[in-house]
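Remarks on the overall topology
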Amino acid sequence: MPDIKIDLKAIFEKLEDKPYCIIKLSNDFPTYEKGSDLDIFCYDIDDVARIILGCLQSQNVSVKIIKMPQQLYIDIMEGGNINLRFDLYGSLPSYKNVMIKESFFPSVVENTIEFDGGGCLVKVPNEVNECILRYIEYHECYAQRPDKIKHIDYLLEKTENSGVGLNVVLDKLHYYIQLPMVKENRLVTSNSFYRRTSYFFELFKKIPIVFRAKGLKETLILIYKKIKK
Amino acid sequence: MTQYFLKTSRIDSILVWGHGLENLNQILDEIRENKNFEILKIKKYKPKRMKSFVKEIYSYDYAPFWHLKDKTKYLLKTPQEVCFIFIKNLNPNEDYLGENSFRHKECLTLKKFKEQLRDKYNPYSNNKRTHNHVIHATDSQEQTSHIMNYLGYQEGISHFESENKFVNLPYYIKGFNNFEFKEIDVADLFCNIIEGDRWDDWKLKAISVKESPQYRGLSDDIEIYLDYINTFLGGPLQEDYHIHRYKNLSENFEYLKKPYQNSFVIVEKIDDKYFILDGLHRACSHVFQKNKMIKICQISK
C-alpha cells in the first residue's frame with residue numbers, strides 16, 4: 001500500500017457530469033498498488049485534467065503533468081517516484097498490431113455503466129466494449145506479454161457465464177476494425193530506357209548466383225537465351 | 001422555461017492616435033469600466049512613416065482608401081506615436097451597415113462606445129466636435145487580425161489563444177508540455193523587472209520578489225508601483241496592469257482560493273532559481289501576507 005492516500009472518491013464525484021470512461025479498471029479499485037495507473041477515455045482531456053488537478057490541489061500532493069497532443073499524464077509523486085498516474089486519452093491509443101476505427105472511441109465513452117468500488121462510483125465500459133478492449137489489448141501485447149492471456153480468460157468467462165453474446169462482441173469488433181489500404185509498392189517508371197536498364201541490371205545481379213549454382217556453361221547458355229529473346 | 005443564449009465573443013482593436021495619447025489612461029479606464037470589453041494587450045508603437053502607417057491601418061477598411069484620404073489627412077500631423085489596445089469584445093452585436101459597395105459588418109457595441117470616446121476626447125472647435133478622431137476601432141475581427149500581422153504577430157488573433165485549460169496559463173506562455181506542481185520557499189522566487197526611463201528604452205533585471213516594485217508597492221509605497229506601470233505600460237508591460245485592480249487583489253487575498261484553485265504562479269527553473277513567468281502580483285500579495293511557502297507550477301519544454 002502506498003504512503004500517500006489519494007481521495008479518489010472526491011475526484012470522481014467532481015467528474016460525475018463529465019463524459020469519461022475508465023478502461024481496464026482494477027478489481028481492487030479504489031485501492032491501488034504504488035506506481036499503478038488509471039486509463040481514462042474522455043472527450044476533453046484539459047477539462048478533466050483541470051478538475052482532477054483542482055481536487056489534488058486541496059489534497060496537498062506533489063503533481064507532475066506531461067502533455068501530449070491527444071494524451072495527458074497526471075502523475076502523483078511520492079519521493080521522486082510515481083504513486084498514481086491518471087492517463088487521460090482524448091482519442092484511441094495508437095495500436096501497432098490492429099487498426100481500430102476512430103469512431104470506437106465515442107462508442108466507448110457514450111456507452112458506460114456505473115461501477116461501485118467501495119462507495120466510489122465510476123464510469124466503466126459496458127460489458128461488450130470491455131470485452132472488445134480486452135481482446136484488443138491481448139492482440140496488441142500477447143507477443144511480448146504472454147500474461148495478457150488473462151484477457152481471453154476474462155472474455156471466455158463473460159461469454160460463458162455472464163450472458164454476453166460472443167457473436168455480439170465479435171460483430172461489433174469486426175465493425176470497428178479497419179482494413180489496411182492495399183498499396184502497390186512496386187514503382188515502374190514510364191521511361192523505357194530506365195525500365196530496360198533496370199531490367200538488365202537485375203539480370204546482371206543474378207549471374208554470380210546462377211554461376212555458383214549451375215556452372216559456367218549453363219550460365220553462358222542462359223545469357224545467350226535472354227539476349228536472343 | 002429555461003432560456004439558452006449563444007454567447008460569442010471576438011477580438012477587436014482600439015487604436016489611440018498620437019494626439020489622443022495624453023488621455024490614454026482615461027481611455028483605458030473607460031474600457032475597463034465597460035462590461036462588454038476585457039483588455040488583452042496594450043501595445044505602444046512608433047510608426048516609421050505616418051503616411052504609410054495610416055494607409056496600412058485603413059487598407060483593410062470597407063471603404064476604398066481614396067475615400068478616406070481626406071478624412072485621414074489630419075493624422076499626418078499628429079505625433080508619431082500610437083497605442084493599440086486589443087480587447088476581447090464580449091458582446092459583438094454585429095450588424096451590416098451602409099449601402100452597396102460600402103456595406104460592411106460592424107459591431108454596434110463598439111461603434112457606440114467609440115463615438116462616446118470621440119465625443120469626450122476628440123478636439124473641439126467652436127464648441128463643435130471635430131472629425132480629428134483620437135481613436136480608430138476595428139469593424140471586424142478580420143481587421144484585428146490584419147493589424148496583428150502588421151505588428152509582427154504572424155498567427156493573427158490566434159496569438160491570444162491560451163494553449164492549456166487545466167491550469168490558467170496566459171496566452172503568451174506557449175510551447176510548454178511539462179508541468180510540475182510543488183511547494184517551494186518564497187525566498188527562492190525571482191522575477192525579471194524592467195529598468196529604464198521610458199517605455200521604448202529599457203532593460204531587464206533579475207531580482208528577488210521582495211525587491212520588485214510590485215512587492216514594494218505593497219510594503220513601502222503604492223506610488224512605486226504606479227510609477228513603474230506608468231513608465232512601461234504599452235512597452236515591455238503589455239498586460240492590463242492597473243493600480244486599483246492590484247489593490248483589490250491584495251486586499252483579502254487568499255492564494256488558490258476557490259474558484260481560483262488552478263491559478264498557480266507559473267515559474268521556470270533557471271540555475272536553481274524559480275523565475276516567475278506569470279503571477280508576480282499574486283506571489284507578492286502572498287509573500288506580503290508573511291507566508292513562507294508557496295505552491296507553484298513549474299513549467300518546462
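Residues numbered from 1 in each chain as written. Chains lettered and ligands numbered in written order. Predicted model: local features only at pLDDT ≥ 70, side-chain atom pairs only at ≥ 80, totals over all residues. Heavy atoms only, no water.

**Structural notes on the side chain of Asp47(A)**
Residues and elements named next belong to chain A. Test applied: Helix and strand definitions here come from DSSP, where helices need a minimum of 4 consecutive H or I residues and strands a minimum of 2 consecutive E residues; each element is numbered from the N-terminal end. Burial status follows relative accessibility: with a 1.4 Å probe on protein chains alone, a residue under 20% of its type maximum counts as buried, one over 50% as exposed, and anything between as partly exposed. Polar contact is the term for a pair of N or O atoms within 3.5 Å; when the atoms are in protein, one must be able to donate a hydrogen and the other to accept it, and sequence-neighboring residues count only if both atoms are side-chain atoms.
Mapped onto the elements of the fold, Asp-47 is located in helix H2 (residues 45–58). Overall, Asp-47 belongs to the buried group, its relative accessible area being 16%. There is a polar contact of 2.9 Å between the side chain of Asp-47 and the side chain of Arg-50.

**What to know about the confidence of the model for chain A**
Note the following rule: The predictor rates its confidence in each residue with pLDDT, a number between 0 and 100.
Across chain A, pLDDT averages 86, with 96% of residues at or above 70. Mean pLDDT across the elements of chain A ranges from a minimum in helix H5 (residues 149–161) of chain A, with 81, to a maximum in helix H3 (residues 104–110) of chain A, with 93.

**With respect to the pattern of salt bridges**
Quick reminder of the rule: A pairing counts as a salt bridge when a side-chain nitrogen of Lys or Arg comes within 4 Å of a carboxyl oxygen of Asp or Glu.
Under the criterion given, the structure shown has 26 salt bridges over all chains. A salt bridge links Arg50(A) to Asp47(A); its shortest N-O distance comes to 2.9 Å. Of this pair, Arg50(A) and Asp47(A) are both found in helix H2, three residues apart, which corresponds to roughly one turn of the helix. Given a relative accessible area of 34%, Arg50(A) falls into the partly exposed group. Asp272(B) is the salt-bridge partner of Lys269(B), the closest N and O atoms lying 3.9 Å from each other. By sharing partners, the salt bridges in this structure join Asp29(B), Arg32(B), Asp240(B) and Arg245(B) into a single network.

**Here we look at the nonpolar core**
This is how the line gets drawn: Put simply, a nonpolar core is a bunch of buried Ala, Val, Leu, Ile, Met, Phe, Trp, Tyr and Cys residues held in one set by side-chain atoms that sit within 4.5 Å of each other. In this description, contact between two residues means that some pair of their heavy atoms is separated by no more than 4.5 Å.
Ranked by size, the top nonpolar core spans 98 residues in total, and within it Leu8(A), Phe12(A), Ile74(A), Phe86(A), Leu88(A), Ile85(B) and Leu189(B) carry the most contacts. Ranked by residues supplied to this core, first place goes to H2(A) with eight residues. Other than its neighbours up to four places away in sequence, Leu88(A) contacts Ile40(A), Cys42(A), Ile45(A), Val48(A), Ala49(A), Ile52(A), Gln70(A), Gln71(A), Leu72(A) and Ile74(A). Residues Leu15(B), Val54(B), Leu68(B) and Leu75(B) belong to the second largest nonpolar core, which totals 22 residues.

**Here we look at empty space enclosed by the protein**
All names here are of chain B. This is how it is decided: A 1.4 Å probe that fits but cannot get out identifies a cavity on a 1 Å grid over protein atoms alone, an open set with protein on both sides within 12 Å along at least five of seven lines counts as a pocket, and a residue lines either if it has an atom within 4 Å of a point. Grid points are joined across faces, edges and corners, and a volume is the space filled by probe spheres set on the points. Note on residue categories: nonpolar means Ala, Val, Leu, Ile, Met, Phe, Trp, Tyr, Cys or Pro, charged means Asp, Glu, Lys or Arg, and polar means any other residue, Gly included.
One pass over the full model with this rule turns up one cavity of 30 Å³ or more. If you add up the space inside the largest cavity, you get close to 30 Å³. Arg-10, Glu-106, Cys-107, Leu-110, Lys-111, Lys-114, Ala-137, Thr-138 and Asp-139 together form the lining of the largest cavity. Here the lining of the largest cavity takes three residues from helix H4 (residues 108–121), the largest share from any one element. Along the lines of polarity and charge, the residues of the lining of the largest cavity split into three nonpolar, one polar and five charged.

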